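Descriptive structure summary
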Amino acid sequence: MVDDLYSARVSVQDRSQASLDAAARDGLSEVLVKITGSREVLSLPVLDRAVRDARDLLQQFSYQSSGDGRDLEIELRFSSETVRGLVIEAGAPLWTANRPQVLVWMVVDGPGGRQLVDAESYPDVVASMQRAFERRGLPLVMPILDLDDVVALSPGDVWRQGLAEIMQASARYPAEQILIGRVAALSGDRWLGDWLLYDGRSRADRPVNAGSADAFLEAGVDLVAGVVAGRFALTSSVAGSNSGARVEVSGVSNYSDYAAIVSWLESLELVEYANVEWLRGDRLTLRLVAQTDLQSLRPLIELNSRLVPDNRGGDGANLVYVWQN
């Protein structure tokens, strides 16, 4: 679960009204991209109008300055209910807070040769990467690069995108998506390379010719957000709730299991309620009241590794799972 999807931090010149209005517009744009996974949604008429009037959607804001007082930022929090309603009204996809973690292996070919990126070797790059992932609402995992990592994976393995070695080294980390970056740092601050996103089954690639390290990193984060949001973002509906979505779960042995299943389903943003139809033996049947269809919810439900699809049951209209303890 990702926190603060409806918050943004923006740099400002001063504490004037004009600066606050501009920061609200920038902040709301960032929030809309974060909760939909797409920059294109900003051109939708409903959301374009909302950005122009972003100050009206602010719940709270606070200023923060650096230690020397030179840099000033404003922390903005928007009304989640109102912003989510605008996204639904606009017909845009809604990427909920249940998001897979992303492990990043990155190698830089610089003056000292090829080197894996971590907070010690490239602190500025790691800090920029953390900010870029935070702005898109993506959970970032960086490798420790301890002795186990060094033995399992070399800079050369990452450079040639050796998936067998990378997957083996990644097994110790709690991440569902693996982002692999390789880049040559050229003169004139040019960063030339590419990104590969892999989840063990499918891959997506993006070549990058960037004018800065930040631009190269942004391209990698854009790749992740586009692919993952395309898979997990839900198509919402303003027509009302769908009360015909049914989920059946076997292997429910006690109240703790029941509570965990209901809590997980109701944590999905477009699910309003998970109503119990019946509980018989170890089998629980729930009817979901949601603002999307059941098949769209499937990939999000299955982010919970304890809900294992049971392909032997169901009639196509229901989702059937086995709860694993």
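Please refer to the structure placed before this passage.
Residues numbered from 1 in each chain as written. Predicted model: local features only at pLDDT ≥ 70, side-chain atom pairs only at ≥ 80, totals over all residues. Heavy atoms only, no water.

1. Looking at the pattern of salt bridges
Applying the stated criterion to the full structure yields 23 salt bridges. Arg-172 is the partner of Asp-149 in a salt bridge, and the nearest nitrogen-oxygen pair spans 3.0 Å. Note that Asp-149 is positioned in helix α5 (residues 147-152) and Arg-172 in the loop between α7 (163-170) and β8 (177-186), a separation of 23 residues in sequence. Accessibility expressed as a relative area gives 1% for Asp-149, which makes it buried. Accessibility expressed as a relative area gives 39% for Arg-172, which makes it partly exposed. In this structure, the salt-bridge partner of Arg-283 is Glu-248, at a minimum N-O distance of 3.9 Å. With Arg-283 in strand β14 (residues 283-290) and Glu-248 in strand β12 (residues 242-250), this pair connects stretches of sequence that are 35 residues apart. Connected via shared salt-bridge partners are Arg-39, Arg-135, Arg-136, Glu-218 and Asp-222. (Salt bridge = Lys/Arg side-chain N within 4 Å of Asp/Glu carboxyl O. Helix = DSSP H or I, 4+ residues; strand = E, 2+ residues; numbered from the N terminus. Buried < 20%, exposed > 50% of the residue type's maximum accessible area, 1.4 Å probe, protein only.)

2. A few points about the packing of helix α2 (residues 45-52) against helix α3 (residues 80-90)
In a pair of packed helices, the angle between the axes and the distance between the axes together describe the arrangement. Taken N-terminus to C-terminus, the directions of α2 and α3 make an angle of 150°; their axes are 8 Å apart at the nearest point. Of the possible angle classes, the one that applies to α2 and α3 is roughly antiparallel. Only Leu-86, Val-87, Glu-89 and Ala-90 of α3 make contact with α2, whose side of the interface consists of Val-46, Leu-47 and Ala-50. Grouping the constituent residues of the contact of α2 with α3 by class yields 6 nonpolar, no polar and 1 charged. (Axes fitted to C-alpha atoms, helices over the stretch in contact; angles between N-to-C directions. Parallel < 35°, antiparallel > 145°, perpendicular 65-115°, else oblique. Contact = heavy atoms within 4.5 Å. Nonpolar A, V, L, I, M, F, W, Y, C, P; charged D, E, K, R; others polar.)

3. Focus on the sheet that holds strand β2 (residues 58-65)
The strands making up a sheet are joined through hydrogen bonds of the backbone, oriented either antiparallel or parallel. Pairing within the open sheet is antiparallel, and its 3 strands lie in the order β1-β3-β2. Of all the strands in the sheet, the pair left with one neighbour each is β1 (7-12) and β2. With strand direction ignored, the average angle separating the axes of adjacent strands in the sheet is 25°. In this sheet, strand β3 (residues 72-78) lies alongside β2 in antiparallel orientation, the contact comprising 7 bridges. Looking at β3, one finds that Ser-62 is bridged to Glu-75. The sheet contacts of helix α1 (residues 17-36) involve β1, β2 and β3, and relative to β1 the element is tilted by about 140°. (Pairing = 2+ DSSP bridges.)

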